[in-house]
Amino acid sequence: MIDKIREYLGAEADNLLEHKTTTIPAASITAPSPTYLDDIFTLTNRNNQVLRSLQWMFSTGRLANTGYLSILPVDQGIEHSAGASFAKNPAYFDAENIVKLAIEGGCNGVASTLGVLALTSRKYAHKIPYIVKINHNEMLTYPNKYDQVMFASVKQAWDMGAAGIGATIYFGSPESTRQLQEVSEAFQHAHELGMFTILWCYLRNPAFVQGGVDYHTAADLTGQANHLGVTIEADIIKQKLPTVNGGYTALNMGESSYGKIDKRVYTELTTDHPIDLTRYQVANCYMGKIGLISSGGASGENDFAEAVKTAVINKRAGGMGLISGRKAFQRPMAEGVQLLNAIQDVYLCKEVTLA
């Protein structure tokens, strides 16, 4: 298994597999394990129904009882338009194929829209944990705007037998305060009904692009977004892999004043290595006590290699898994299953250790 992982990583194999973190030590991180729920969540205020829902997800699929998660998310029909998302493989206009891919791919759960999961719930809601994404950014308003608005209620998710709900907050956007309030209330309601919660902690503001550098995936900014997410009791954080750092620094140039930061974030808590940058994201999730799952990203020319690379970075940083959609469903189902399995193999491989 490790040989195949090295083959996918190519020239980056040694840099990613042999890296030793000297910033935030591994001993400080709560890494995923078979006893993760017993060690962490039995100490929280989550009720027994939430614990049961979480246990079901952690006990499903190829990663069952490892503490790691592989989730198939398909909400792109709303977020990116159905035509843009499914033209490569029109089979996924059919909602049932989304659920079939998650099951055949050995995933712990499937996250999608109210419509997709409601249409298939009688047949599949008892076979794989359903995660209803309750808010979306739609791409039909002209001109396009970027605002996550509620498409579904927590009660609708519970009525169909969902194990959890998911939501997005665009931190940094003018609408983020409203989104924060809406999602916080929804998460409280979901917990009362016995469902777990996943928060897509994304950044959205044109000002986050400075000097030609896109800081929407800066470790310092995304780390703080994660910290806001765990504050409203997200049980799992979904975040994009960090590609840069220094977002706070870039936004405090010239006459501007933005946020607060300590220089030790850059000199002691991070380096420019992707595993160390992701370790900082994990640290902001209560040192890993709340699991960080990384986004799989868009589909491209080297999907298998990129997916495996992301999984290695996430796992070695102390993350909990991958939530990968477009790389899997924008190809024939058999290939999508293979890609999901390649991701899962990273988390099953004992030679890929915490850095």
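Since we're looking at a predicted model, the values are computed, not measured. (Residues numbered from 1 in each chain as written. Predicted model: local features only at pLDDT ≥ 70, side-chain atom pairs only at ≥ 80, totals over all residues. Heavy atoms only, no water.)

Peer 1: Help me understand the pattern of salt bridges, please; the structure alone is not making it clear to me.
Peer 2: A side chain with one charge may pair with a side chain of the opposite charge, provided their charged atoms come close. Within this structure, the stated rule accounts for 16 salt bridges. Across the pair Arg62 and Asp345 runs a salt bridge, and its minimum N-O distance is 2.9 Å. Placement of Arg62 in the loop between α4 (48-58) and β1 (69-74) and of Asp345 in helix α16 (residues 333-348) is noted, with a sequence separation of 283 residues between them. For Arg62, a relative accessible area of 35% translates into the label partly exposed. On the basis of relative accessibility, which here comes to 21%, the residue Asp345 falls in the partly exposed class. As a salt-bridge pair, Glu79 and Lys133 come within 3.7 Å of each other at their nearest N and O atoms. Taken together, the residues Glu79 in helix α5 (residues 76-86) and Lys133 in strand β3 (residues 130-133) connect sequence positions 54 residues apart. The class for Glu79 is buried, based on a relative accessible area of 10%. Here the salt bridges share partners, and the residues they tie into one network are Arg6, Asp14 and Glu18. (Salt bridge = Lys/Arg side-chain N within 4 Å of Asp/Glu carboxyl O. Helix = DSSP H or I, 4+ residues; strand = E, 2+ residues; numbered from the N terminus. Buried < 20%, exposed > 50% of the residue type's maximum accessible area, 1.4 Å probe, protein only.)

Peer 1: Would you mind showing me how to read the layout of surface pockets here?
Peer 2: The gaps of empty space that remain are located by a probe, the size of a water molecule, rolled over the atoms. Quantified by volume, the largest pocket comes out at close to 760 Å³. Together, 40 residues line the largest pocket, and Tyr202, Lys240, Ser295, Gly297 and Arg326 are the ones closest to its centre. Every element with two or more residues in the lining of the largest pocket is listed here: α5, β6 (164-171), β7 (196-203), α14 (303-317) and α15 (326-329). With 5 residues, the top contributor of residues to the lining of the largest pocket is α14. Tallied by class, residues from the lining of the largest pocket come to 11 nonpolar, 16 polar and 13 charged. (1 Å grid on protein atoms, 1.4 Å probe; cavity = no way out; pocket = protein on both sides within 12 Å on 5 of 7 lines; lining within 4 Å. Points joined across faces, edges and corners; volume = space filled by probe spheres on them. Nonpolar A, V, L, I, M, F, W, Y, C, P; charged D, E, K, R; others polar.)

Peer 1: Looking at this structure, how should I read unusual backbone geometry?
Peer 2: Keep in mind that most residues, glycine aside, have a negative phi and that most peptide bonds are trans. In this structure, the amide linkage connecting Tyr142 to the following residue, Pro143, adopts the cis form with an omega of -10 degrees. With respect to the secondary-structure elements, Pro143 resides in the loop between β4 (135-136) and β5 (149-150). In this structure, Glu233 takes a positive phi of about 70 degrees despite not being glycine. Tracing the chain through its elements places Glu233 in the loop between α10 (219-231) and β10 (236-239). Given a relative accessible area of 28%, Glu233 falls into the partly exposed group. Phi angles above zero are rare outside glycine, and Tyr286 is one such case at about 55 degrees. Summarising the element assignment, Tyr286 is placed in the loop between α13 (274-283) and β11 (291-295). For Tyr286, a relative accessible area of 37% puts it in the partly exposed group.

Peer 1: Please explain the sheet that holds β6 as it appears in this structure.
Peer 2: Backbone hydrogen bonds are what pair the strands of a sheet, in a parallel or an antiparallel way. Spatial strand order, β1-β2-β3-β6-β7-β10-β11-β12: 8 strands in a closed barrel with parallel pairing. Adjacent strand axes in the sheet meet at a mean angle of 25 degrees when their direction is disregarded. Of the pairings in the sheet, the one linking β3 to β6 comprises 3 bridges and is parallel in character. Paired with Val132 across the bridge in β6 is Ile165. (Pairing = 2+ DSSP bridges. Axes fitted to C-alpha atoms, helices over the stretch in contact; angles between N-to-C directions.)

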